2 protein chains.
Amino acid sequence: MAIPLPVRFVGGATGAYRVLSQKTLIGSPLAPVLRVALLEGGASERLTRPDGWVLSGVTSHQRYVERTEADALRAKQAALGRSEATRTALIPISKSEAWWELTQDERRAIFEARSRHIAGTLKYLPMIARRLHHSRDLGEPFDFLTWFEYAPEHDALFDELLALLRASEEWTYVVREVELRLERD
Amino acid sequence: MAIPLPVRFVGGATGAYRVLSQKTLIGSPLAPVLRVALLEGGASERLTRPDGWVLSGVTSHQRYVERTEADALRAKQAALGRSEATRTALIPISKSEAWWELTQDERRAIFEARSRHIAGTLKYLPMIARRLHHSRDLGEPFDFLTWFEYAPEHDALFDELLALLRASEEWTYVVREVELRLERD
């Protein structure tokens, strides 16, 4: 898939992903919806009247990952769209101004050296596939839209992954977080 | 100025910046224009019929700069909009897929350790003020739009800065570059 790929998540009454639960962890909530549609690609596909909300993001080059980590990730990670991965989750987050005012070395130190965002989550691969979408530079309400896909038998593993991330120093910079657990039709 | 700040450069027959020269250094050209307008801020300001082209970008957090460098830059750099800085330049560039497939540590090594993009250009501050706009994740034709402002007496210094950057290893990844030299009304 070519990068950058624009992606929109449309919450409303329609879409291939049924909402199992929707909760707000930090900050202001998103309007509750029944379903989510995932739309990939260009602006030609217009959304004239979404019945809930539209969150836009773009897949992009890696911002923190170093070569040895990239190779380890590539060797272990699964692609999106596996037939058995019927459980999915959309977790939009925003980080504080304090985070964005840090320099690259400071953010990297928090992200990996101290929070072990990469090394600590390698054990959840390939069971839990993920894709990160960048939104901040698009003027969106969230900074990132994270998308996860896994088989129902890995529900507890997914809980563990989220608990790990949320306990990290990195997460002290999160000022808004909403979690939607979904089931693909 | 709040970051991210969306910015549009509109090339055409109108705008506060008169084109002194427009040249294509690498890759395909931009349509020749007489003037450039610089529009900052939100999407409310609509462009119904630009007579040339519109290039969009967004100011964003630093991608490579480390703390000691950020402090050195902050201590030396000038703000945009100085009354004496009537010469300006817009240099849109794109980098190759090979660049974007590099990991953060590999890009940083080329950008600073080997090309000295930060340390080597500190000597041009505060005479030449600059602002970087990110465009790649917006689905734009260029990856970056760089904007420079300086007084006419520093024309030769600006030539020297461009020559330095273009001779760097980093620049071997540039696949498109257009240079517009401008004069503010």
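Residues numbered from 1 in each chain as written. Chains lettered and ligands numbered in written order. Predicted model: local features only at pLDDT ≥ 70, side-chain atom pairs only at ≥ 80, totals over all residues. Heavy atoms only, no water.

(A) A look at the overall build of chain A. What chain A contains, in helices and strands, is four helices and eight strands. For 185 residues, the compact-globule estimate of 2.2 N^0.38 gives 16 Å, and chain A sits close to it at 16 Å. Along the first, second and third principal axes, the C-alpha atoms of chain A reach 45 × 35 × 30 Å. The buried share of chain A, reckoned over its 185 residues, is 51%. The contacts in chain A between residues at least 6 apart in sequence include a share of 78% that link residues at least 24 apart. When the accessible surface of chain A is split by element, carbon and sulfur atoms take 55% of a total near 8,500 Å². Side-chain charges in chain A split into 25 positive and 26 negative, and the spacing between the mean points of these groups amounts to 2 Å. (Helix = DSSP H or I, 4+ residues; strand = E, 2+ residues; numbered from the N terminus. Rg over C-alpha atoms; globule rule 2.2 N^0.38 Å. Buried < 20%, exposed > 50% of the residue type's maximum accessible area, 1.4 Å probe, protein only. Contact = heavy atoms within 4.5 Å. Areas by Shrake-Rupley, 256 points an atom, 1.4 Å probe, with all protein chains shown as cover. Lys, Arg positive; Asp, Glu negative; His and termini not counted. Charge placed at Lys NZ, Arg CZ, Asp CG, Glu CD.)

(B) A look at the environment of H61(B). Within the secondary structure, H61(B) sits in the loop between β4 (53-58) and α1 (67-76). Residue H61(B) is classed as buried on the basis of its relative accessible area, which comes to 9%. In sequence terms H61(B) and P4(B) are 57 residues apart; their C-alpha atoms lie 7.6 Å from each other. Beyond its immediate stretch of four places on either side in the chain, H61(B) contacts W100(A), R107(A), I3(B) and H134(B). At 3.2 Å, the side chain of H61(B) forms a polar contact with the side chain of S60(B). (Polar contact = N/O pair within 3.5 Å; in protein donor to acceptor, adjacent residues only side chain to side chain.)

(C) Quick peek at the relation of the copies chain B and chain A. Between chain B and chain A, the superposition needs a rotation of 180° and an axial shift of 0.0 Å, giving an RMSD of 0.0 Å. When the rotation and shift are considered jointly, the pair of chain copies conforms to a two-fold rotation axis. Distance from the rotation axis, computed per C-alpha, reaches its smallest value in chain B at L138(B): 3.4 Å. Most of the interface of chain B is mirrored in chain A: 100% of its interface residues are interface residues there too. (Least-squares fit on C-alpha atoms with pLDDT ≥ 70 in both.)

(D) Fine view of unusual backbone geometry. Residue and element names in this part refer to chain A. Residue P126 follows L125 across a cis peptide bond; omega there is 0°. Inspection of the secondary structure puts P126 in the loop between α3 (104-114) and β6 (129-134). A positive phi angle is found at R116, which is not glycine, with a value near 50°. For R116, the position within the fold is in the loop between α3 and β6.

(E) View of α3(A). Three or more residues of α3(A) are buried, namely Q104(A), R107(A), R108(A), I110(A), F111(A) and E112(A). In a view along the axis of α3(A), the buried residues occupy a sector of 165°, so they form one face of it. Every exposed residue of α3(A) that faces more than 90 degrees away from the buried side is listed here: A113(A) and R114(A). In this structure, the buried side of α3(A) is in contact with α1 (67-76) and α2 (97-100) of chain A together with α3 (104-114) of chain B. R116(A), located one to two residues past α3(A), shows a positive phi value of around 50°. (Arc of directions from axis to C-beta.)

(F) Summary view of the environment of L80(B). For L80(B), the location among the structural elements is in the loop between α1 and β5 (87-95). Along the sequence, L80(B) and H154(B) sit 74 residues apart, while their C-alpha atoms lie 15 Å from each other.

(G) Expanded view of the packing of aromatic side chains. All chains considered together, the criterion is met by 15 aromatic pairs over all chains. A centroid spacing of 4.6 Å and a plane angle of 25° characterise the contact between Y150(B) and F158(B), whose relative ring orientation is stacked. You can call F158(B) buried: its relative accessible area is 0%. Three or more aromatic residues link up through ring pairs in this structure, and these residues are Y64(A), W99(A), F111(A) and Y173(A). (Phe/Tyr/Trp six-rings, centres within 6.5 Å; stacked < 30°, edge-to-face > 60°.)

(H) Region of the structure containing the side chain of S115(A). Residues and elements named next belong to chain A. Looking at the element boundaries, S115 is found in the loop between α3 and β6. In this structure S115 comes out as buried when scored by relative accessible area, which is 13%. At a separation of 2.6 Å, a polar atom in the side chain of S115 contacts the main-chain carbonyl oxygen of I110. Among residues more than four places away in sequence, those in contact with S115 are I110, S168, E169 and E170.

(I) Summary view of the interface of chain B and chain A. Counting residues at the interface gives 23 residues for chain B and 23 residues for chain A. Both sides together, the interface formed by chain B and chain A hides about 2,100 Å², and carbon and sulfur atoms give 46% of it. When residues of chain B are sorted by the area they lose upon contact with chain A, H61(B), R67(B) and D137(B) head the list and together hold 30% of the total. Counting every contact that joins chain B to chain A gives four salt bridges. Here R63(A) and D137(B) are joined by a salt bridge, their closest N and O atoms 2.8 Å apart. Remark: the boundary between chain B and chain A carries 17 residue pairs in polar contact (both at pLDDT 80 or more). Elements with a contribution of two residues or more to the side of chain B that touches chain A: α1 and α3 of chain B. (Buried area = accessible area lost by both parts, 1.4 Å probe. Salt bridge = Lys/Arg side-chain N within 4 Å of Asp/Glu carboxyl O.)

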